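# Coordinates in review
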Amino acid sequence: MSKHIGFIKRCAVFTALLSVCFLFVWKLVTPKFFMDNDWPTTSAYCGFYEMEEESVDVLFFGSSHAASFFIPQELYNDYGYTSYNLGCEQQNLVVSYFWLKEALRSQNPKTVVLDCYMLFTYNAKEPLNTSEACTRKALDYMKWSPVKMEAVKTICELDQNQSLLSYYLPNIRYHTRWKGLGANDFKVWERKKHYELKGYAPLAGYCGIEEFLPFDGRKAENSAVMVPLMEEYLEKIRLLCEQQGIELLLVKNPATVQSAEKYQTVQDYAKRHGLQYFDFNEKGLYKKTEYSFASDNHDGGHGNFWGARKITKYIGSVLKQGGRLQKKTAAQWEETKDYYMQMIKDCELPHITELNTYLAAVNNEYYSVFLATKGDWTAYLGNESAVLLRNLGLRAPESGAAAKAGFLAAVSDGKIHEQSGLEQLQLSGTVRRGIVTFLMESTAPAYGDRCSIAVDGTEYSKNSRGLNVVVLQRETGRVIDTVCFDTGAEGRPAIR
């Protein structure tokens with residue numbers, strides 16, 4: 001009898017170890033999208049589960065048009081409303097519906113805000129109107145529960161190309177990822193901690209589309225046709241909100257693909273069901289928010305930080321007028337105020353064109369700063385700029401000194417690495433606690449006059465005359481700017 005018991009125990013231990021190994025492999029090969037990515041979907045969904053129960057009063061849903069436009073921290077700072085952005089790239093209405101159901105397991109929101117971009121044809125070849133990859137991004141990090149089981153079953157019934165088993169055993173779907181595993185795969189627990197922006201995906205570019213014209217919704221003679229499946233799940237979302245006593249706001253953020261016909265379709269739906277609909281592409285609302293597409297959009301469909309702030313502030317004013325929300329002080333939003341302010345600085349940095357302002361801005365504990373010179377870089381450097389370089393801890397030359405010498409420097413983690421001289425220079429090392437490597441070169445005019453700044457094997461230097469600078473955000477692991485200030489020319493123009 002004791003032999004049988006011993007055998008059973010060994011089998012149990014073996015099974016437990018096998019399960020742990022299987023779970024490790026499962027977690028390892030599943031793709032991860034953290035703050036070093038434009039769309040940090042993994043951070044957004046894992047972070048949602050860290051929110052205190054019944055602490056979130058507003059939930060945002062939709063595609064990347066939602067992820068890039070709605071800023072929970074801004075809404076809290078301005079109005080004291082607690083919110084979370086559950087949008088992601090190509091989030092179809094099926095995914096929005098099931099994430100709303102999942103959110104209701106732990107939260108009791110008063111308002112749901114839904115961007116309507118995916119109501120219309122995005123990818124006609126796909127049964128769900130969006131790619132499988134983006135559907136997986138949204139569901140891979142939803143916790144297993146009856147909601148996820150229902151979601152997976154529904155999605156695989158709607159899209160016969162997707163496998164039910166591959167959701168339960170992700171290593172089947174992602175077995176080819178073994179060759180591409182990286183730091184995110186082995187640093188999951190560290191990276192998952194960074195959900196400070198609560199689902200918001202900040203973008204910092206200016207699209208420069210000056211010809212964008214908002215439309216006059218009053219002149220729409222026809223309407224567009226919603227994708228039937230998307231309309232079906234819009235209705236499911238509406239009914240779920242109605243059953244739960246949740247206010248549903250429909251929104252369309254600024255995008256070149258929007259039209260008066262699409263506006264008319266959603267407006268008609270909203271009127272039929274007594275909903276509010278805000279289309280920021282409509283002339284009246286566009287002007288009311290003082291929106292400027294060229295400088296407030298990152299590209300044709302996504303807002304940059306400045307545009308997102310305008311839209312979020314307007315939504316906040318609508319919520320305030322509705323009177324359903326109470327201003328509150330919440331620890332999980334108070335604690336992320338400083339992180340948010342740093343994010344604003346990160347967005348502003350690529351738009352600074354004055355050298356001294358720039359050098360002052362990069363003197364920041366969150367940045368790893370790499371500098372490499374090319375050619376005569378001291379002719380118009382100036383004493384003030386030299387002082388600012390020394391404030392970074394560097395042995396910068398005085399204006400006009402060592403004009404033929406090259407210069408390399410890396411400032412990060414409280415450490416300074418630098419070289420200068422007339423010979424060929426090379427500097428290498430690691431930053432972010434050894435995670436990121438760098439290799440830099442500066443060649444004096446006599447040796448060919450070039451410079452290089454490679455971070456994790458990618459070349460970022462502009463290789464232009466003057467002071468070439470690359471800035472890495474150490475918290476997110478992203479290179480947030482690469483610029484050259486031509487300090488060999490009067491005015492020291494910035495080259496990006």
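Summary of the structure given here. (Residues numbered from 1 in each chain as written. Predicted model: local features only at pLDDT ≥ 70, side-chain atom pairs only at ≥ 80, totals over all residues. Heavy atoms only, no water.)

Glancing now at the sheet that holds strand E9 (residues 425-431). Reading across the sheet, the four strands line up as E9-E10-E11-E12 and stay open at both edges, with antiparallel pairing between neighbours. Only two strands of the sheet have a single neighbouring strand rather than two, namely E9 and strand E12 (458-459). Pairing of strand E10 (residues 436-443) with strand E11 (residues 450-455) involves six bridges; the strand directions are antiparallel. Bridge pairing in E11 links Phe-438 to Val-455. (Pairing = 2+ DSSP bridges. Helix = DSSP H or I, 4+ residues; strand = E, 2+ residues; numbered from the N terminus.)

Let us now look at the pattern of salt bridges. In total, this model carries 23 salt bridges according to the counting rule given. Between Asp-38 and Arg-478 there is a salt bridge, with its nearest N and O atoms 2.3 Å apart. With Asp-38 in the loop between helix H1 (2-29) and helix H2 (41-48) and Arg-478 in strand E14 (residues 478-485), this residue pair connects regions lying 440 residues apart in the sequence. Taking relative accessible area as the criterion, Asp-38 reaches 33% and is therefore assigned partly exposed. Classification of Arg-478 by relative accessible area gives partly exposed; the value is 25%. Close ionic contact of Arg-474 with Asp-413 constitutes a salt bridge, the shortest N to O distance being 2.7 Å. (Salt bridge = Lys/Arg side-chain N within 4 Å of Asp/Glu carboxyl O. Buried < 20%, exposed > 50% of the residue type's maximum accessible area, 1.4 Å probe, protein only.)

Gaps left between atoms show up when a probe the size of a water molecule is rolled over them. There is about 430 Å³ of room inside the second largest pocket. As for the second largest pocket, its lining consists of 21 residues, and the residues nearest its centre are Pro-202, Leu-203, Ala-204, Arg-478 and Ile-480. Looking at the lining of the second largest pocket, the elements that each hand over two or more residues are helix H18 (337-348) and E14. The element best represented in the lining of the second largest pocket is H18, accounting for five residues. (1 Å grid on protein atoms, 1.4 Å probe; cavity = no way out; pocket = protein on both sides within 12 Å on 5 of 7 lines; lining within 4 Å. Points joined across faces, edges and corners; volume = space filled by probe spheres on them.)

Along the polypeptide, Ser-259 turns up in the loop between strand E4 (247-252) and helix H13 (260-272). A distance of 3.2 Å separates a polar atom in the side chain of Ser-259 from the backbone nitrogen of Lys-262. (Polar contact = N/O pair within 3.5 Å; in protein donor to acceptor, adjacent residues only side chain to side chain.)

Ranked by internal contacts, the top residues of the largest apolar core, which has 61 residues, are Leu-59, Leu-86, Leu-93, Trp-99, Leu-119 and Leu-250. The element that contributes the greatest number of residues to this core is helix H5 (residues 93-103), accounting for eight residues. For Leu-250, the residues in contact, after removing those within four places along its chain, are Leu-114, Cys-116, Leu-234, Val-266, Tyr-269, Ala-270, Leu-275, Gln-276, Tyr-277 and Phe-278. (Core = buried A, V, L, I, M, F, W, Y, C linked by side-chain atoms within 4.5 Å. Contact = heavy atoms within 4.5 Å.)

Okay, helix H12 (residues 228-244) next. In an α-helix, one full turn covers 3.6 residues, which means residues spaced three or four apart are oriented alike. In this model, H12 (17 residues) spans 24 Å end to end at C-alpha, consistent with the 24 Å of a helix rising 1.5 Å per residue. Among the residues of H12, Leu-229, Met-230, Tyr-233, Leu-234, Ile-237, Arg-238, Leu-240 and Cys-241 are the ones counted as buried. Against the buried residues of H12 lie H5, strand E3 (111-115), helix H7 (146-158), E4 and H13. Positioned one or two residues after H12, Gly-245 has a phi angle of 70 degrees, which is positive. (Expected span 1.5 Å × (residues − 1).)

What follows covers the side chain of Thr-154. Tracing the chain through its elements places Thr-154 in helix H7. Look at Thr-154 and you get buried, because its relative accessible area is 14%. Residues in contact with Thr-154, not counting those within four places in the same chain, are Phe-98 and Tyr-233.

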